[in-house]
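Results of the structural survey
One-letter residues, chain by chain:
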Amino acid sequence: MTRDNAGAWRNWAGNVTARPARVRTPRSAAEVADEVTRAAADGLPVRMTGSGHSFTPTASTDGVLLNPGGLAAIRSVDAEAGLVTVEAGCPLHRLNAELHARGLSLTNMGDIQVQTVAGATQTGTHGTGRDSGSMAVQIAGLELVLADGSIVTCSADDPRAGLFDAARVGLGALGLVTAVTLRAEPLFLLTAREEPMRWSEVISRLPELTTENEHFEFFWFPHSDGCLTKRNNRSAGPARPLSRWRHWLDDEFLSNSLFGATCRLGYLAPAAIPTVNSAASRALSARTYTDAPYKVFTSPRRVRFKEQEYAVPREHLADVLGQVRDLLRRRDWRISFPIEVRVAPADDLWLSTASGRDSAYIAFHVYHPAPHEEYFRETEAIMTAVGGRPHWGKMHTRDAGYLRGAYPRFDDFVALRDKLDPERRFGNDYLRQVLGS
Ligand SMILES: Cc1cc2nc3c(=O)[nH]c(=O)nc-3n(C[C@H](O)[C@H](O)[C@H](O)COP(=O)(O)OP(=O)(O)OC[C@H]3O[C@@H](n4cnc5c(N)ncnc54)[C@H](O)[C@@H]3O)c2cc1C
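Conventions and cut-offs
- Every residue gets a number counted from 1 within its own chain, in the order that chain's sequence is written.
- With the structure being a predicted model, the display of local features is reserved for residues of pLDDT at least 70 and the display and counting of side-chain atom pairs for 80 or more, all residues being used for whole-chain, interface and lining totals.
- For side-chain calculations, the full set of non-hydrogen atoms in the structure is used, while hydrogens and water are omitted.
- Think of it this way: any DSSP run of H or I at least four residues long counts as a helix, any run of E at least two long counts as a strand, and we number them from the N terminus.
- A radius of gyration in this sense is built from C-alpha atoms; the matching globule rule multiplies 2.2 Å by the number of residues raised to 0.38.
- The classification of residues rests on relative accessible area computed with a 1.4 Å probe and restricted to protein chains. Under 20% of the type maximum is buried, over 50% is exposed, and intermediate values are partly exposed.
- Note on contacts: a residue pair qualifies if any of its non-hydrogen atoms lie within 4.5 Å across the two residues.
- Each accessible area value is a Shrake-Rupley result obtained with a 1.4 Å probe; residue values ignore everything except the protein chains displayed when judging cover.
- When charges are counted, Lys and Arg contribute as positive and Asp and Glu as negative, whereas His and the chain ends are disregarded.
- Charged side chains are reduced to one point each, which is NZ for Lys, CZ for Arg, CG for Asp and CD for Glu.
- The near set for a molecule or strand comprises every residue that places at least one heavy atom within 4 Å of it.
- Each polar contact in these results corresponds to two N or O atoms within 3.5 Å; when the atoms are within protein, one needs to be able to donate a hydrogen and the other to accept it, and residues that are neighboring in sequence are counted only if both atoms are side-chain atoms.
- Classification used: nonpolar for Ala, Val, Leu, Ile, Met, Phe, Trp, Tyr, Cys and Pro, charged for Asp, Glu, Lys and Arg, polar for all others including Gly.
- Two strands qualify as a pair provided DSSP detects at least 2 bridges between them.
- What counts as an axis is a line fitted to C-alpha atoms, over the stretch in contact for a helix, and the angles between N-to-C directions run from 0 to 180 degrees.
- The directions from the helix axis to the C-beta atoms are what the arc is built from.
- What a helix should span is 1.5 Å times the count of its residues minus one.
- Each Phe, Tyr or Trp ring (for Trp, its six-membered ring) is paired with any other whose centre lies within 6.5 Å, and the angle between the two planes then decides the class: stacked below 30 degrees, edge-to-face above 60, tilted in between.
- As a reminder, the over-ring test applies to NZ of lysine and CZ of arginine, requiring each to be within 6 Å of the ring centre and within 35 degrees of the ring normal.
- Where each domain starts and ends follows an automatic or database-derived domain assignment.
- Put simply, buried area is how much 1.4 Å-probe accessible surface two parts lose in total, over both of them, once they are put together.
- Here a salt bridge means any side-chain nitrogen of Lys or Arg lying within 4 Å of a carboxyl oxygen belonging to Asp or Glu.

Attention now goes to the overall build of the protein chain. Tallying secondary structure elements over the protein chain gives 14 helices and 21 strands in all. Here the C-alpha atoms of the protein chain give a radius of gyration of 21 Å, agreeing with the 22 Å that 2.2 N^0.38 yields for 437 residues. Residues classed as buried in the protein chain amount to 59% of the 437 residues present. Within the protein chain, residue pairs in contact and separated by at least 24 positions form 72% of the contacts whose partners lie at least 6 positions apart. Accessible surface computed for the protein chain: about 17,400 Å², of which carbon and sulfur atoms make up 51%. Side chains of the protein chain give 51 positive and 51 negative charges; the mean places of these two sets differ by 5 Å.

A few words on the site of the ligand. The ligand sits among 36 residues. The nearest are Met48, His53, Ser54, Thr58 and Thr123. For the ligand, an oxygen atom lies 2.9 Å from a polar atom in the side chain of Arg47. Contacts to the ligand include Arg342, whose side-chain N or O atom sits 2.9 Å from an oxygen atom. About the coverage of the ligand: the protein hides 99% of its 970 Å² of free accessible area. Listing elements by their share of the shell around the ligand, those giving two or more residues are strand 5 (46-48), helix 3 (117-122) and strand 12 (176-183). Counting residues per element, the shell around the ligand draws most heavily on helix 3, which supplies four residues. Considering only residue class, the shell around the ligand consists of 12 nonpolar, 19 polar and five charged.

Bringing the sheet that holds strand 8 (residues 83-87) into the picture now. Within the open sheet, the five strands sit side by side as 7-8-12-10-11. Their pairing is antiparallel. Every interior strand has two partners, whereas the edge strands, strand 7 (74-78) and strand 11 (151-155), have only one. Mean inter-strand twist for the sheet, computed between neighbouring axes without regard to direction, equals 15 degrees. In this sheet, strand 12 lies alongside strand 10 (residues 139-145) in antiparallel orientation, the contact comprising six bridges. By the bridge assignment, Leu144 is partnered in strand 12 with Val177. Packed onto the sheet, helix 2 (residues 92-101) meets strand 7, strand 8 and strand 12 and runs at close to 30 degrees relative to strand 7.

This part is about helix 2. Those residues of helix 2 lying buried are Leu92, Leu95, Asn96 and Leu99. Buried residues of helix 2 fall within an arc of 95 degrees about the axis and therefore sit on the same side. Considering only its buried residues, helix 2 is in contact with strand 7, strand 8, strand 9 (104-105), helix 3, strand 12 and helix 9 (293-297). Of the residues one or two after helix 2, Gly103 is the one with positive phi, at around 75 degrees.

Under the 1.5 Å per step criterion, the end-to-end length of helix 10 (residues 317-330) is 20 Å for 14 residues, consistent within 8% with the ideal 20 Å. Turning to helix 10, its buried residues are Leu317, Val320, Leu321, Val324, Arg325, Leu327 and Leu328. Buried residues of helix 10, viewed axially, fall in a sector of 160 degrees; they line one side. Counted as exposed and oriented over 90 degrees from the buried face of helix 10: Arg329 and Arg330.

Turning our eyes to something else, we now look at the packing of aromatic side chains. One pass over the structure, following the stated rule, counts 11 aromatic pairs. Geometrically, the ring pair formed by Trp392 and Tyr407 is stacked, given 5.5 Å between the ring centres and 25 degrees between the ring planes. On the criterion of sequence distance, the pair formed by Trp392 in the loop between strand 21 (389-390) and helix 12 (400-406) and Tyr407 in the loop between helix 12 and helix 13 (410-420) is long-range, its members being 15 residues apart. Of the two residues, Trp392 and Tyr407, neither departs from the other in class, the shared state being buried. A cation over an aromatic ring shows up here: Arg168 above the ring of Phe164, its NZ or CZ 3.9 Å from the ring centre.

Turning next to the domain arrangement of the protein chain. Along its sequence, the protein chain is organised into domain 1 (2-66), domain 2 (74-186) and domain 3 (189-390). For domain 2 versus domain 3, the distance between C-alpha centres works out to 26 Å. Taking both sides of the interface into account, the surface hidden between domain 2 and domain 3 amounts to around 2,500 Å²; carbon and sulfur atoms contribute 56%. Where domain 2 meets domain 3, there are three salt bridges. Across the pair Arg342 and Asp111 runs a salt bridge whose closest N-O atoms are separated by 3.8 Å. Those elements that place two or more of their residues in the side of domain 2 that touches domain 3 are helix 2 and helix 4 (161-167).

Turning our eyes to something else, we now look at the sheet that holds strand 6 (residues 64-66). Two orientations exist for strands paired in a sheet by backbone hydrogen bonds: parallel and antiparallel. The strand order across the open sheet built from three strands is 4-6-5, with neighbouring strands paired in parallel fashion. At either end of the open sheet lies a strand with only one pairing partner, and these are strand 4 (22-24) and strand 5. Pairs of neighbouring strands in the sheet enclose a mean axial angle of 20 degrees, with direction left out of account.

The element strand 12 is extensively covered by neighbouring structure, given that seven of its eight residues are classed as buried. Here strand 8 runs beside strand 12; their pairing, made up of five bridges, is antiparallel. Bridge pairing links Val84 to Leu182 in strand 12.

Here you go:
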């Protein structure tokens, strides 16, 4: 997230700009409540941002924009109970490092750790997991400022259970989160086994790979048969981290510096992309290492891109991937970024993309200046034909009319929003699109 000289707010990908009437950095829940009361007196909407890593204009506002930087502390860690309470704007890397130092870890997470805790969870940020779901599933309690300026807490076992089920993935529509309590578990080790595999083998072994591994995902290089599979499983140790050299070579040089250069080359000379993708998928070598979970799950992402990601019912995964492959054969697009496939078990959060069904995630990326419109539109059509749900923080064209049919608890969420925020203090254009006016 950046602000330019004219005061405009811009997201990480650079595809969303906002011009808020005023920007504030509250330092406590009480100061957030004051900002909400002041905004109401001025007739302005309010949004709080995370670190601007959403590709949708979900955080945008022309009213009052609250920065997360003043609310970034770790409030308490109870190692015995396995509970950590952090302020909403705490970046995930700070949380992970603190938990690690206390002999604890989150169970599962996405592939980067620069988002804030509230920003990541409000859009349903997820990794891949056979048994463990998104970050929001790991929330044990929330502290929120509501549209009337009151500060409330909610958890699974209090009378506001509906609020808890709705607000963990709340899109910032029900209240401003000021603190989050997450469940953590005793620190464990993960062994990462990364291995190139041909498309036909991955597809035929999907049921086995997703059930025999705790965390399975794969990247498929479009215009080629090459895939990179990743299997992360708990291990009794000992820790065998990547050497500094291998970490630099794979995660900095090949995944960022060289990949950035090949993306620039592909942007200037798209005809080269199929050759580059085939070469890249062949050049990948297998590696195995064992390390703390956050060091295995996350890695730096320095090449900017735009992304669309859909959650589809798990049973449709192989079929929709086959349709995407056929589509890419028919069209003359040149896609330099791999397509990423992950899984998650069903959960019961009202607007979680895995709500009520075992899910598979399929993510489509393009280099940030490259055109995405046709590629995203036509792959989106394949996803929506099976009732796919778009990631709330990633590009899509769905509106409330479609989403109502995709989420069994959609109307409950909207009704709760009507009750808590009838004047749409937390409204913005994105929420009008996805939730209705
Ligand atoms: C390089 C990259 C890698 C990514 N990897 C993954 C991944 O592995 N898995 C995945 O699922 N997603 C991934 N994403 C998407 C990203 O995790 C989500 O879009 C996430 O919401 C971004 O968090 P943020 O802190 O940047 O929040 P922002 O994008 O700034 O905000 C997200 C939403 O949360 C709201 N919000 C923020 N703070 C508060 C608050 N205190 N109270 C109420 N509402 C609030 C905002 O208003 C907005 O609606 C990735 C994105 C990028 C750019």
